[in-house]
Each structure stands twice: as C-alpha cells, then as structure tokens.
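Architecture and fold: a report
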Amino acid sequence: MGRVTERRKVIRVRDGSVSARPDTLVAEEPLEIRLNGRPLAITMRTPGDDFALAVGFLVSEGVLGDRADLRNVVYCAGATGEGGENTFNVVDVRTAPGVELPDITLERNVYTTSSCGLCGKASLDAVRTTARWPIADTPPVRVEPETLTRLPDRLRAAQRVFDRTGGLHAAALFDESGELLDVREDVGRHNAVDKLVGRALQHGELPLSRAVLLVSGRASFELAQKAVMAGIPVLAAVSAPSSLAVDLAAETGLTLVGFLRGSSMNVYAGEDRVALRAAAARH
C-alpha cells in the first residue's frame, strides 16, 4: 500500500545559507476505478481510504446511494508492478445484483487530475445528475454565522498530514452545531470529499441531510455537485466559489458559503439556512 507521505532530498536556501536536507512530501499516485470489472476513471490521489474514495466517486456519479447497492470493493490482484507485487492502485467496485447503472457510467472512461475531477466530462448536461435526495425537501437546518466562522480553525487543527507536508487539501463534515464528524485529506479536494461521502455510504449514513461540508479551498461546480448528490444541505469554502457552483446551488437549494475567513463570509445561495437576521439583530 502506498504511503501518505514520502521523503525527497531538497536544497534549502535561507538568508543566503544553502544546505541539503530531506523533506516530507505528500504522496501522489494514480488510482484506477473500475465498476463491475470495467475501467471507469483514473484519478491522481493521495493513497489511503481508496475504497471510500471509489465509493464516494460513484455516489457523485449517481451509481450508489445506499449501502445495500454495494456488493464489495477490492484491489485488483492482477494490477502488479515491475516486480510482480500488487501496486494497490486499481480498485474494482462491485454493485449488488439489480442495481441499475446510469448511462454515464457506460459511456465514459475519464482521466481526472488531482485538481480537477471533471476533466473529460462530455458536457454540462452529463454532470447535472438527478439527485436521489432533493435538498429542497430535506428537514430544515439552521446554522449560526458564529458557528460557521469557527469551522476553518477546527478543520485546520484536524489536518495532521498537512502539518508535515503543507501540500494537502482537506474536507470535513460538521453537524449544525459545529461538531466535527469526519475529516479527510488528499492532494485533490474532490478526492477528499469523495472519501468523506464514501465512508458515509459504507456506514449507512446517507443522505447527510443535517451536515455542513467545509472544503479548504475554492468551491467548484464539481464540489457543489458532490454535496448535492450526498444530500448535504450546506457547503462552505474558505475561498471563492465558481459561477457555475453558485448557479447549481441556486438551482438545487444548496446553501453555498464562500470566503469563510475570520468573522467574515459571503453567502451566495440558500441564505435561509444561515441565521443572518438573528445575527444582525444581536449586533
């Protein structure tokens, strides 16, 4: 199994002084995801939680929605390195009998990078997958602005590998009171979200209808889609959202918060879930 971090030699320059020393880097390796034995996608990821990553990816593709849909996940024994050893870089997700596969899974074979999980999508229509749990129909969730502003520090405190490498994205699930439920790190922010969602499906916890998803970066269309597909009503990001993410949030009823820094934030959609009027009245 690949390691989360690796050591490499680096020439360090500090105040005119030059020295050679080992440095800890985040590992990045390809992972091929197969569905019922058929190659589906390749993503560049940080090794670890590979089964959850593959399962979460298939939730966002509309293939899986319940633990009963999943038969098993295995590393492919035939995927071997030069010395005949298993590379642990190919996983096969087997669906339970009777699970119908969306057309998208039969038509695409896509390479995704660690920064963009949508590269290779044929069209915008292909990613507007019908959600199993419409967010507009979920039980009402209300999050205090003060609760949201505390989340980035809690996420940062939970980023163990980032402390050693400085090179990882993170995603975390919180409840509406700000309690940390789960956190995952990966070289790709979309992989970190897939790992969260995949673990939730494996534990029978979908939909995540009372959760807040926080990502350590920008909020892309893809991340908004993954939140919608997992039934997550609130997506917050420490950086900016894209225009398409805002459009999707408005279309689906997702609450989208960006630039969540210090005591400030921008609410781009779904403001009814953020207790803004109550906060304004207190001030």
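Here, every reference points to the structure presented above.
These remarks concern the structure in this document. (Residues numbered from 1 in each chain as written. Predicted model: local features only at pLDDT ≥ 70, side-chain atom pairs only at ≥ 80, totals over all residues. Heavy atoms only, no water.)

Okay, the packing of helix 6 (residues 189–202) against helix 7 (residues 221–229) next. As a packed pair, helix 6 and helix 7 sit with axes 10 Å apart at the nearest point and diverge in direction by 5°. The angle between helix 6 and helix 7 falls in the class roughly parallel. Touching Arg189, His190, Val193 and Asp194 of helix 6 are Glu222, Leu223 and Lys226, all from helix 7. Residue composition of the contact of helix 6 with helix 7, by class: two nonpolar, one polar and four charged. (Axes fitted to C-alpha atoms, helices over the stretch in contact; angles between N-to-C directions. Helix = DSSP H or I, 4+ residues; strand = E, 2+ residues; numbered from the N terminus. Parallel < 35°, antiparallel > 145°, perpendicular 65-115°, else oblique. Contact = heavy atoms within 4.5 Å. Nonpolar A, V, L, I, M, F, W, Y, C, P; charged D, E, K, R; others polar.)

Position of Asp49 relative to the elements: it lies in the loop between strand 4 (38–45) and helix 1 (50–60). Sequence spacing of Asp49 and Gly198 is 149 residues, and the spatial spacing of their C-alpha atoms is 9.0 Å. In this view, Asp49 contacts Arg184, Lys195 and Arg199; residues no more than four positions away in its chain are not counted.

In this section: the packing of aromatic side chains. Under the counting rule described, the total for this entry stands at two aromatic pairs. Measuring from ring centre to ring centre gives 4.8 Å for Phe51 and Tyr75, while their planes differ by 45°; the resulting arrangement is tilted. Of this pair, Phe51 sits in helix 1 while Tyr75 is found in strand 5 (residues 70–75), placing the two residues 24 residues apart along the sequence. Residue classification places Phe51 among the partly exposed residues on the basis of a relative accessible area of 27%. With centroids separated by 5.0 Å and ring planes inclined at 90°, the aromatic side chains of Tyr75 and Phe88 adopt a geometry described as edge-to-face. Placement of the pair is Tyr75 in strand 5 and Phe88 in the loop between strand 5 and strand 6 (90–95), with a sequence separation of 13 residues. Taken together, the ring pairs in this structure connect Phe51, Tyr75 and Phe88 into an aromatic cluster. (Phe/Tyr/Trp six-rings, centres within 6.5 Å; stacked < 30°, edge-to-face > 60°. Buried < 20%, exposed > 50% of the residue type's maximum accessible area, 1.4 Å probe, protein only.)

Let us look at unusual backbone geometry. In this chain, Leu206 is followed by Pro207 through a cis amide linkage whose omega measures 0°. Here Pro207 is to be found in the loop between helix 6 and strand 10 (211–215). Located in the positive-phi region is Asn36, a residue other than glycine, with phi close to 50°. Its location among the elements puts Asn36 in the loop between strand 3 (29–35) and strand 4. Of note, the phi angle at Asp49 is positive, near 55°, even though the residue is not glycine.

Take the nonpolar core next. Counting 49 residues, the largest nonpolar core has Leu58, Leu64, Leu206, Leu213, Val215, Leu235 and Leu254 as its most contacted members. For Val215, the contacting residues outside a window of four places in its chain are Ala170, Ala171, Val193, Leu223, Leu235, Ala236, Ala237 and Val238. Judged by nonpolar contacts, the second largest core, of 18 residues, contains Ala158, Val212, Ala236 and Met265. (Core = buried A, V, L, I, M, F, W, Y, C linked by side-chain atoms within 4.5 Å.)

With that settled, the discussion passes to the sheet that holds strand 10. Spatially, the six strands line up as an open sheet ordered 9-8-10-11-12-13, and their pairing is mixed. Both outer strands of the open sheet, strand 9 (180–186) and strand 13 (264–269), are each paired with one neighbouring strand and no more. Sheet twist, expressed as the mean angle between neighbouring strand axes with direction ignored, is 20°. As judged from the four bridges shared by strand 12 (residues 255–261) and strand 13, these two strands associate in the antiparallel manner. If you follow Leu256 over to strand 13, its bridge partner there is Ala269. Packed onto the sheet, helix 4 (residues 145–158) meets strand 8 (169–175), strand 9, strand 10, strand 12 and strand 13 and runs at close to 135° relative to strand 8. Helix 6 rests against strand 8, strand 9 and strand 10 of the sheet, and its axis sits at about 140° to strand 9. (Pairing = 2+ DSSP bridges.)

Let us now look at the pattern of salt bridges. For the structure shown, the criterion picks out twelve salt bridges. Between Arg132 and Asp69 there is a salt bridge, and its shortest N-O distance comes to 3.6 Å. Here Arg132 is found in the loop between helix 3 (124–127) and helix 4, whereas its partner Asp69 is found in the loop between helix 1 and strand 5, with 63 residues between them in sequence. On the basis of relative accessibility, which here comes to 15%, the residue Asp69 falls in the buried class. (Salt bridge = Lys/Arg side-chain N within 4 Å of Asp/Glu carboxyl O.)

A separate point is the pairing of strand 4. The sheet contact formed by strand 3 and strand 4 spans seven bridges and is antiparallel. Residue pairing in the sheet places Glu29 in a bridge with Arg45 of strand 4. The antiparallel pairing of strand 3 with strand 4 creates a hairpin that spans two residues between the two strands, and Asn36 there sits at a positive phi of about 50°.

The topology assignment puts Asp50 in helix 1. Side chain to side chain, Asp50 and Tyr75 meet in a polar contact 2.9 Å long. (Polar contact = N/O pair within 3.5 Å; in protein donor to acceptor, adjacent residues only side chain to side chain.)

A separate point is the environment of Leu101. When you line up the elements, Leu101 lands in the loop between strand 6 and helix 2 (103–107). With 66 residues separating them in the primary sequence, Leu101 and Leu35 have C-alpha atoms 9.8 Å apart.

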